[in-house]
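Fold and contact review
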Amino acid sequence: MFGFKKKPKTLYEKITVDPHVDIGDDGSYELAVLRGEIRPETVETDALDVGIMEYFAREAFSIEHIESFFKKHRALEAIPHFENWLYAFDQMERPFLGLSILLMRDSQVIEAAKFGIYLTQFTDLSHKTQARVIVENLGRHDAFSYYALDTLLKSADATHAFYDLGSTLDGLGHDMYDTMARSLLEKGRK
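Let me begin by describing the structure that accompanies this report. Just so you know, these numbers come straight off a predicted model, no measurement behind them. (Residues numbered from 1 in each chain as written. Predicted model: local features only at pLDDT ≥ 70, side-chain atom pairs only at ≥ 80, totals over all residues. Heavy atoms only, no water.)

**As for the nonpolar core**
How we decide: We call a set of buried Ala, Val, Leu, Ile, Met, Phe, Trp, Tyr and Cys residues a nonpolar core when their side-chain atoms join them within 4.5 Å. For the exposure calls, accessible area comes from a 1.4 Å probe over protein chains only, and a residue counts as buried if that area is under 20% of its type's maximum, exposed if over 50%, partly exposed in between. Contact between two residues is taken to exist if any of their heavy atoms lie within 4.5 Å; hydrogens are not considered.
Grouped together as the largest cluster of nonpolar side chains are 53 residues, with contacts concentrated most on Leu 48, Ile 52, Phe 70, Phe 82, Phe 115 and Phe 144. Those residues in contact with Phe 144 that lie beyond four places of it in its chain are Leu 11, Ile 15, Ile 23, Ile 110, Ala 113, Lys 114, Ile 117, Leu 138 and Gly 139.

Laid out in C-alpha cells, this is it:
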C-alpha cells in the first residue's frame, strides 16, 4: 500500500527458524578440505583488507565492500592472506567482535557470514556472549558447521563447546564434527 519493500531475511534469520533450510551451500567444500581431498587456493585479500579498514574508519559502504569480496571468493581461501595482513601490519588490537557479529547476523552473503564466524576467534567466547550464541546457531547449518566447530575449539572452554555443538549436528555437519574429533584423538595419541 505504501510502497515499502520488505527487507529479505538474512541467512541468520533463516537458519534460526530452520537449521536445515536450503541456502545454496551444504558445507561439502569445507568437508572435502577437512578430509584433505581439496586444498584451498589462497586469494589476495587487498580488497577485503581495505573493506575492513573502512569498517574501522566507520565508512557506511564498508560492509558492501566486504560482501562484494565474498561474492567472488571463499572464506577458506581468504584466511591465509588475511592472517598475513593482520599480523604484518599489527592489526591484532582491533576489536573484530562488532564486525564479526555484523557479518554473521546481517549478511546475506554466505562466505561473508563464514568469515564473520572466523573473526570471532580473535575474541574470548568463553561466556555465552551474543557472538557465541550466533556462532552456535549458525553452526547448526552444514554450511557453517566447519567454521563454528573450529572457532569453538579455539575458545576457552574448547572441548565442551565443541562437543555441545557437534553432538547436535547431523548430515555433513556431523561428518565434519566426526572428522575433527578423530583428528583431535589422533593428535592426543602422539
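Let's pick the thread back up.
**Focus: the side chain of Glu 30**
Our working definition: To qualify as a helix, a DSSP run of H or I must reach at least 4 residues; to qualify as a strand, a run of E must reach at least 2; elements of each kind are numbered from the N terminus.
Within the secondary structure, Glu 30 is located in helix α2 (residues 28-34). Judged by its relative accessible area of 1%, Glu 30 is buried.

**Considering the environment of Ala 113**
Among the secondary structure elements, Ala 113 is positioned in helix α7 (residues 110-119). Between the C-alpha atoms of Ala 113 and Glu 54, which are 59 residues apart in sequence, the distance is 18 Å. Other than its neighbours up to four places away in sequence, Ala 113 contacts Leu 11, Leu 103, Met 104, Ser 107 and Phe 144.

**Details of α7**
Counting buried positions along α7 gives ten out of ten residues, so the element sits mostly inside the fold. All buried positions along α7 are accounted for by Ile 110, Glu 111, Ala 112, Ala 113, Lys 114, Phe 115, Gly 116, Ile 117, Tyr 118 and Leu 119.

**Looking at the packing of helix α5 (residues 75-88) against α7**
Any two packed helices are characterised by how steeply their axes cross, that is the angle between the axes, and by the distance between the axes. We count it as follows: Note on definitions: angles span 0 to 180 degrees between N-to-C directions of axes, and those axes are lines fitted to C-alpha atoms, for helices only across the stretch in contact. Here the word oblique covers every angle except those under 35 degrees (roughly parallel), over 145 (roughly antiparallel) and from 65 to 115 (roughly perpendicular). Left-handed describes a crossing in which the near helix is turned anticlockwise from the far one by less than a right angle; the clockwise case is right-handed.
One way to put it is that α5 packs onto α7 with a least axis distance of 10 Å and a crossing angle of 45 degrees. Comparing the axis directions of α5 and α7 gives the class oblique. When you trace α5 past α7, the crossing you get is right-handed. For the pair formed by α5 and α7, the contact residues are Ala 75, Ile 79, Phe 82 and Glu 83 on the first element and Glu 111, Lys 114, Phe 115, Tyr 118 and Leu 119 on the second.

**What to know about α5**
Put simply, the test is: For a helix, the expected span equals 1.5 Å multiplied by the residue count minus one. Two axes enter the bend calculation: one fitted to the seven residues ending at the residue in question, the other to the seven starting there, and the bend is the angle between them.
The terminal C-alpha atoms of α5, which comprises 14 residues, lie 20 Å apart, in line with the 20 Å expected from a rise of 1.5 Å per residue. At His 81, α5 shows its strongest bend, of approximately 30 degrees. Within α5 the residues assigned to the buried category are Ala 75, Leu 76, Glu 77, Ala 78, Ile 79, His 81, Phe 82, Trp 85 and Leu 86. On its buried side, α5 packs onto α2, α3 (46-56), α4 (62-72), α7 and α9 (142-153).

**So, the packing of aromatic side chains**
Applied cut-off: Each aromatic pair joins two rings of Phe, Tyr and Trp (for Trp, the six-membered one) with centres within 6.5 Å, and gets the label stacked for planes under 30 degrees apart, edge-to-face for over 60, and tilted for any other angle.
Tallied over the full model, the rule gives 13 aromatic pairs. Consider the rings of Phe 82 and Phe 96, whose centres lie 6.3 Å apart with planes at 80 degrees: the pair is edge-to-face. Here the residue Phe 82 occupies a position in helix α5, and Phe 96 occupies one in the loop between α5 and α6 (97-106), the gap between them amounting to 14 residues. What makes Phe 82 buried here is its relative accessible area of 0%. Residue Phe 96 is classed as buried on the basis of its relative accessible area of 2%. Each ring, one from Phe 115 and one from Tyr 118, has its centre 5.4 Å from the other, and the planes form 35 degrees; the classification is tilted. Of this pair, Phe 115 and Tyr 118 both sit in helix α7, three residues apart, which is roughly one turn of the helix. For the pair Phe 115 and Tyr 118, a shared accessibility class is recorded, and that class is buried. Put simply, the rings of Tyr 55, Phe 56, Phe 69, Phe 70, Phe 82, Trp 85, Phe 96, Phe 115, Tyr 118 and Phe 122 pair up and form one aromatic cluster.

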